[in-house]
Amino acid sequence: MTVNRRKALTAVLATAALVATSACSTKSDSLAQQAGSGQGYVSGSGVVTQIPEAERGEPVNFDFTLLDGKQGSVKDYQPKLVVVNLWYAACPPCRKEAPALNEVATKFADDVEFLGVNVRDGKAAAEGFTKTFDVKYANALDTDGSIVAALSEVLPPQATPSTVILDKEGRPAARVVGAVEESTLRGLVEETLGN
């Protein structure tokens with residue numbers, strides 16, 4: 001290979017690497033900007049992160065009050081898997097993902113507990129959403145931000161909608177930042193159940 005050809009090949013490879021790096025950082029920066037933006041939600045398809053069993057760390061723990069007034073703790077659901085979904089009524093991606101969450105919650109009702117967490121609305125708006133989308137699983141209000149704070153090691157601030165799967169010990173096993181699709185959530189649940 002001549003020196004000129006070698007230089008040309010090196011330049012092409014360097015350009016390709018730069019383009020690939022910029023594409024990755026643009027997506028990441030875009031997500032970060034959305035999470036901290038004034039729009040109040042993360043648009044587009046969800047960004048999936050799985051956490052290997054050896055790296056899951058400590059169990060997540062928080063108490064909650066359901067829309068019907070019952071008190072509970074995420075510990076009450078152990079040793080089942082728990083899927084925690086953060087949402088609010090006027091969030092377009094939250095509305096889009098509602099049927100997928102219902103479908104997966106119904107499919108895995110014997111092995112997995114689902115908990116919706118409304119991060120913004122009052123009781124009336126939250127109940128209106130759950131009736132409109134015929135949500136079958138439990139939903140809580142996070143009026144004081146304590147649930148979001150408990151998940152802060154797992155989720156970026158203001159990342160709504162977001163979904164976290166807690167394994168049988170209550171440790172974060174996977175997360176989706178943004179709207180989750182049914183096939184993605186089903187796959188994550190099946191994989192976590194297999195561990």
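Residues numbered from 1 in each chain as written. Predicted model: local features only at pLDDT ≥ 70, side-chain atom pairs only at ≥ 80, totals over all residues. Heavy atoms only, no water.

## Some thoughts on the environment of Leu115
Now for step 1: Of note, Leu115 is situated in strand β5 (residues 112-118).
Now for step 2: Residues Leu115 and Asn139, spaced 24 residues apart in sequence, show a C-alpha to C-alpha distance of 5.5 Å.
Now for step 3: If near-sequence neighbours (up to four positions away) are discounted, Leu115 is found in contact with Phe62, Phe64, Leu66, Tyr77, Val83, Val84, Asn85, Tyr137, Ala138, Asn139 and Ala140. (Helix = DSSP H or I, 4+ residues; strand = E, 2+ residues; numbered from the N terminus. Contact = heavy atoms within 4.5 Å.)

## What to know about the state of the cysteines
Cysteine pairs can be covalently joined through their sulfur atoms, and such a bond is termed a disulfide.
Now for step 1: What the rule picks out here adds up to one disulfide.
Now for step 2: Disulfide pairing is shown between Cys91 and Cys94; the S-S distance is 2.3 Å. Here the disulfide of Cys91 and Cys94 is right-handed, its torsion about the S-S bond being about 80°. When sorted by exposure, Cys91 lands in the same class as Cys94, which is buried. (Disulfide = S-S within 2.5 Å. Buried < 20%, exposed > 50% of the residue type's maximum accessible area, 1.4 Å probe, protein only.)

## A few points about the environment of Ser152
Now for step 1: With respect to the secondary-structure elements, Ser152 resides in the loop between α4 (146-150) and β7 (162-166).
Now for step 2: By relative accessible area, which is 47% here, Ser152 ends up partly exposed.
Now for step 3: Of the polar contacts made by the side chain of Ser152, one reaches the backbone oxygen of Ala149; its length is 2.8 Å. (Polar contact = N/O pair within 3.5 Å; in protein donor to acceptor, adjacent residues only side chain to side chain.)

## Digging into the pairing of β7
Now for step 1: With five of five residues buried, β7 is to be regarded as a mostly interior element.
Now for step 2: Side chains Ser162, Val164 and Leu166 of β7 all project onto a buried face; the interleaved residues Thr163 and Ile165 project onto the opposite face, where all are buried too.
Now for step 3: Where strand β4 (residues 81-87) meets β7, five bridges bridge the pair, whose relative direction is antiparallel. Bridge pairing in β7 links Asn85 to Thr163.
Now for step 4: Counted along the chain from β7 to the antiparallel partner strand β8 (residues 172-177), the turn is five residues long, and its residue Gly170 has a positive phi close to 85°. (Pairing = 2+ DSSP bridges.)

Keep in mind these values describe shape, not function.
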